[in-house]
Protein chains: 2
Amino acid sequence: MSDRIANAQLRGKVMSAAEAAQFVNHGDKVGISGFTGAGYPKALPTAIAERAKEAHAKGEEYMIDLFTGASTAPDCDGVLAEADALRFRTPYQSDPILRKKINDGTTLYADYHLSESGMYVEQGFFGQMNVAIVEAVRITEDGSIVPSSSVGNSVEYLDNAEKIIIEVNSWQSEELEGMHDIYRINRLPHRQPIPITAPEQRVGSTSIDIDINKVVAVVETDAPDRNAPFSPVDEISQQIAGHFLDFLEGEVAAGRLTYDGYIMQSGVGNVPNAVMAGLLDSKFENIKAYTEVIQDGMVDLIDAGKMTVASATSFSLSPEYAEKMNAEAANYRKTIILRPQQISNHPEVVRRLGLIATNGLIEADIYGNVNSTNVSGSRMMNGVGGSADFTRNGFISSFITPSVAKGGAISAIVPFASHIDHTEQDVKVIITEYGYADLRGLAPRQRVEKIIALAHPDYRPLLEEYYDRALSMAKEKSILQTPHDLVTAFDFHKRFLETGSMK
Amino acid sequence: MSDRIANAQLRGKVMSAAEAAQFVNHGDKVGISGFTGAGYPKALPTAIAERAKEAHAKGEEYMIDLFTGASTAPDCDGVLAEADALRFRTPYQSDPILRKKINDGTTLYADYHLSESGMYVEQGFFGQMNVAIVEAVRITEDGSIVPSSSVGNSVEYLDNAEKIIIEVNSWQSEELEGMHDIYRINRLPHRQPIPITAPEQRVGSTSIDIDINKVVAVVETDAPDRNAPFSPVDEISQQIAGHFLDFLEGEVAAGRLTYDGYIMQSGVGNVPNAVMAGLLDSKFENIKAYTEVIQDGMVDLIDAGKMTVASATSFSLSPEYAEKMNAEAANYRKTIILRPQQISNHPEVVRRLGLIATNGLIEADIYGNVNSTNVSGSRMMNGVGGSADFTRNGFISSFITPSVAKGGAISAIVPFASHIDHTEQDVKVIITEYGYADLRGLAPRQRVEKIIALAHPDYRPLLEEYYDRALSMAKEKSILQTPHDLVTAFDFHKRFLETGSMK
């Protein structure tokens, strides 16, 4: 048995994943660790999927409601979705099989802000949680859990579930201990200010104390996190990164930012990674991140001495960088802090720190409303994630995106967003490879020209044609605040659904 | 000269409104006090409007950019709009003439969250503010301003404008002094936690300290605040209030609320007033308000001993209640606190206190997205106000509305909201005279039936027909997360624009 289980009582609970899965029943609400491909349980999902398949083969019902930190990985969301074992899922996902099951109606999916999903569990909005399954680096003598490569909503699930299953993963470096900062917000009506006033501040403990009498099983694993490698930085990502840096330089010139005052929040992906590569050669120093995930580009910034602290709730590293983090965790934990996602994304802290939020999007409309979730208004991609936590409350909120997707068939700029996750009041800057639109202080009609200029040239005439028509109709009726022609507002999407292209 | 001007230097600045208006130039960015019809400057707006009319008669340009707390009154927004003196306006308005000018294209209007508008001024998002015009109850010996019946964004405008004009209004009771709690958040990067952990806490001073060398004029006035009387509570409002109270009772039964734990945020209007009338006879005690405006119903709750504290940024009282407040301010200031709107609406405090948010809406769609601002997607009503500050961050966020408007021509429930200010992630409960829909924890398709049940019976078949069509199309394409038929999504609005009725 692994010496990573220091608590005697819990050593007595060690069993196989298949045995532990017997504690997870049909209809259970199951909250697990995991945020992106990091820190999710490696063994139980497959064991639960096996139970589901056996039950289904016998004609019996077996489905669970699954609550996570955010997305997980093929050997978690993927195997469970494949086995038709997920009745309900929240708050964020990105596995292709699960996405298919959500969109074909098998799995019900509720999209919530990542800072709020754990709070809703505490507040009883989902009813009683049955089981928490959490990956640990080790279990301390007093039975506390040292989380692994993410914290996510583990605290809320451990606090609120009736039963606890712990996976102790010996693949995860023991040197991760000390990197976490576990802080609980008191329950209503006893909430107090969160005492974080700088990204580097630690305000909690390094492990999660639990009620060990709730632990029904401990399972030993030795399996890697799963995150996809990033693509090499392409030309379009580089152009977007260049415009983003121009925007930052403009803020410095205007006196609204200093070269050592940039606090970064960044969504995950190739474009953000290009931005970070651009920052390596920039004048910005002492960059701090108060964000959701630590990605490769931030590790490079740390290595280069450009980034002095990175606070997040999870890693989202390529396999190569994940190996490096495991090998050098004792060193990186001087600079990296992993917090519960309720804290990493909390509006209170985000607004106080004054960070610059940078997220991707599916589409923005000509007035600056942003769709982050539903393709053509109906098909769920991944969910809103933490984008709204940061966008609403950031000092400046930006969105970065290539102007087209699917080889030009989808325009990121449309007449009317087919789903809206970020409202016009919140979206301040949009950036594509064609430049940036600074929307601050502008009324809707003043934004249109700037936003259309971000579109791919193939789409600009179609967007101008729409706006001209909407404007002339609105003039006729004196409804000029936000001119729209509701008859043709979704023509881009209709064409896409009919022909496979918005053109 | 009034003895309300205790500072000698500022006594030397007393002049007429017409003289003071000479400090306000074409193109100036002017920030004024005022929130609903309370605490706005009474003399300068008319004097500025006169300047504009004279200039226009001579063929000269004269327009200002006007920043307020929220809406004002006919003798402020109204006279300025009538004179075509407003080039730009933010963050909220409700004057009929101004609304017309916004929708006919004369005035550019930018809609922002009320907790953020003052912060944006501080952060330099609108450029240099030129003039602040603020109503005071009195000026203290050291030159500080005791605000009158609202605080709004006065602190931010006074701090950031080049010139200050003070109106000392002797109609306002001097006993209002002591009711205000002026707290400034440090500027970035020095922000600290806001130390409010209960609505009754005072954390600041009772007046606004200013740089008196920026004061260019002091104008004496004696004019009442202007707020419209509320209509008597009608049957539909009573039914909505009944359902709201049923919802609260259900929360108590579920253990998520206690009879002495209700912290209220409430939008303004007849339905909220009916809710407060209902609370008078309810089991709820020790009700606290942490909200934007104090309205008649809250005064009744205070008088009845049901409400023990009301924290807001402004009054929005009927003329009768405003007279009473003026007469008994010394008594009411034990229970009432007026704060800057950045504090009354701050996400940090709102989320910490755990209040139940209750706001109106223009329309909600069948998935729970809410439009608070633009009729038929284009015509601005009043703006988002503080509704999003409270909705996103409240413990439970509810919307209350009659099921139809304009004698049945407009349905409050539509297939697709024609503008979205509150996204599906944020809207938790919707209430009409037909009941309440508790949307917490539900995936989009699970919400539809509950929301359609809130619609007027005349509209239910049309909504069901839409959903059935959308569902069958989505099934065909396996895009079932949020089934929509984008071809007919806006048919309700198209019919309304063509025929004057959504039917």
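Definitions and limits used
Residues numbered from 1 in each chain as written. Chains lettered and ligands numbered in written order. Predicted model: local features only at pLDDT ≥ 70, side-chain atom pairs only at ≥ 80, totals over all residues. Heavy atoms only, no water. Helix = DSSP H or I, 4+ residues; strand = E, 2+ residues; numbered from the N terminus. Rg over C-alpha atoms; globule rule 2.2 N^0.38 Å. Buried < 20%, exposed > 50% of the residue type's maximum accessible area, 1.4 Å probe, protein only. Contact = heavy atoms within 4.5 Å. Buried area = accessible area lost by both parts, 1.4 Å probe. Salt bridge = Lys/Arg side-chain N within 4 Å of Asp/Glu carboxyl O. Domains from an automatic or database assignment. Core = buried A, V, L, I, M, F, W, Y, C linked by side-chain atoms within 4.5 Å. Pairing = 2+ DSSP bridges. UniProt positions renumbered as here; feature names shortened; annotations may be inferred. Axes fitted to C-alpha atoms, helices over the stretch in contact; angles between N-to-C directions. Parallel < 35°, antiparallel > 145°, perpendicular 65-115°, else oblique. Left-handed = near helix turned anticlockwise from the far one by under 90°. Nonpolar A, V, L, I, M, F, W, Y, C, P; charged D, E, K, R; others polar. Phe/Tyr/Trp six-rings, centres within 6.5 Å; stacked < 30°, edge-to-face > 60°.

Draft legend 1. Region of interest: the overall build of chain A. Counting its regular elements, chain A contains 18 helices and 25 strands. Taking 23 Å as the expected radius of gyration for a compact globule of 503 residues, we find that chain A reaches 23 Å, a close match to that expectation. In terms of overall dimensions, chain A has a C-alpha envelope of 75 × 55 × 45 Å along the principal axes. Each of the 503 residues in chain A was classed as buried or not, and the buried ones make up 68%.

Draft legend 2. Here's a closer look at the interface of chain B and chain A. Contact residues are listed per partner, giving 82 residues for chain B and 82 residues for chain A. Carbon and sulfur atoms supply 55% of the area buried between chain B and chain A, which totals about 7,200 Å² over both sides. At the boundary of chain B with chain A, the tally comes to four salt bridges. Its salt-bridge partner being Arg352(B), residue Glu348(A) comes within 3.1 Å of it at the nearest N-O pair.

Draft legend 3. View of the domain arrangement of chain A. All names here are of chain A. The domains assigned to chain A are domain 1 (8–221) and domain 2 (235–498). Here the C-alpha centre of domain 2 lies 29 Å away from the C-alpha centre of domain 1. Of the residues lining the interface, 50 residues belong to domain 1; the matching set on domain 2 comes to 48 residues. Considering only the side of domain 1, the residues that lose the most area to domain 2 are Ser115, Met179 and Pro199, jointly responsible for 18% of the buried surface there.

Draft legend 4. Region of interest: the nonpolar core. Formed by 160 residues in total, the largest nonpolar core has its most connected members in Ile166(A) and Ile166(B). Once residues within four sequence positions are removed from consideration, Ile166(A) is found in contact with Leu10(A), Val134(A), Ala136(A), Ile139(A), Ile145(A), Ile210(A), Val215(A), Ala217(A), Val218(A) and Val219(A). Ala455(A), Tyr467(A), Ala474(A) and Met502(A) belong to the second-largest nonpolar core, a separate cluster that totals 72 residues.

Draft legend 5. Layout of the pattern of salt bridges. Using the criterion set out here, one finds 54 salt bridges over all chains in the structure. A salt bridge links Lys42(B) to Glu135(B), with the shortest nitrogen-to-oxygen separation between them at 2.8 Å. One end of the pair, Lys42(B), is in the loop between strand S1 (29–32) and helix H3 (44–57); the other, Glu135(B), is in strand S5 (residues 129–139), and 93 residues separate them in sequence. When salt bridges that share partners are traced, they join Glu251(A), Arg256(A), Asp438(A) and Arg440(A) into one network.

Draft legend 6. Up close: the pairing of strand S12 (residues 307–312) of chain A. Residues and elements named next belong to chain A. Of all six residues that make up S12, five are buried, and the element is covered over most of its length. Pairing geometry for strand S10 (residues 287–290) and S12, over four bridges, is parallel. Residue pairing for S12: Ala289 is matched across the bridge by Ala310. Where S12 lies against strand S14 (residues 336–338), three bridges are found, and the strand directions are parallel. Within the sheet, the bridge partner assigned to Ala312 lies in S14 and is Leu338.

Draft legend 7. Spotlight on the UniProt feature "domain: Acetyl-CoA hydrolase/transferase N-terminal" (unreviewed entry) in chain A. The UniProt record marks residues 8–220 of chain A with the feature "domain: Acetyl-CoA hydrolase/transferase N-terminal" (unreviewed entry), using the residue numbering of this structure. When the span residues 8–220 of chain A is considered, its composition is 26% helix and 21% strand, and the gap between its end C-alpha atoms is 15 Å.

Draft legend 8. Highlighting the packing of helix H8 (residues 235–253) of chain A against helix H9 (residues 270–280) of chain A. Residues and elements named next belong to chain A. Their axes nearest at 8 Å, the elements H8 and H9 cross at an angle of 55°. On the basis of their axis angle, the class for H8 and H9 is oblique. Pair H8 / H9 crosses with right-handed handedness. Between H8, through Ser237, Gln238, Ile240, Ala241, Phe244, Leu245 and Leu248, and H9, the contact on the second element is made entirely by Asn270, Val271, Ala274, Val275, Gly278 and Leu279. Counted by class, the contact of H8 with H9 contains nine nonpolar, four polar and no charged residues.

Draft legend 9. Inspection of the sheet that holds strand S16 (residues 363–365) of chain B at higher detail. Residue and element names in this part refer to chain B. Spatially, the three strands line up as an open sheet ordered S17-S16-S23, and their pairing is mixed. Lying at the two open borders of the sheet, with one neighbouring strand each, are strand S17 (370–371) and strand S23 (413–414). Pairing between S16 and S23: two bridges, direction parallel. When the sheet's bridge partners are listed, Ala364 is paired in S23 with Ile413.

Draft legend 10. Structural detail: the sheet that holds strand S24 (residues 429–432) of chain B. Residue and element names in this part refer to chain B. If you trace the eight strands from one edge of the open sheet to the other, you get S14-S12-S10-S9-S15-S20-S24-S25, paired in mixed fashion. One side of each edge strand has no neighbouring strand; the edge strands of this open sheet are strand S14 (336–338) and strand S25 (435–438). In this sheet, adjacent strand axes meet at a mean angle of 20° when their direction is disregarded. As paired elements, strand S9 (residues 263–266) and strand S15 (residues 356–359) share three bridges and run parallel to each other. Its bridge partner lying in S15, Gln265 is registered against Ala357. In the packing of helix H10 (residues 296–303) onto the sheet, the strands contacted are S9, strand S10 (287–290), strand S12 (307–312) and S14, and the crossing angle to S12 comes to about 150°.

Draft legend 11. Highlighting the packing of aromatic side chains. Overall, the coordinates contain 31 aromatic pairs over all chains when judged by the stated rule. Centroid distance Phe67(A) to Phe88(A): 5.8 Å. Interplanar angle 45°. Geometry classified as tilted. Of the two residues, Phe67(A) sits in strand S2 (residues 64–67) while Phe88(A) sits in strand S3 (residues 86–90), which places them 21 residues apart along the sequence. Relative accessible area serves as the criterion here: at 1%, Phe67(A) is assigned to the buried category. Arranged with centres 6.0 Å apart and planes meeting at 65°, the rings of Tyr262(B) and Phe284(B) form a pair that is edge-to-face.

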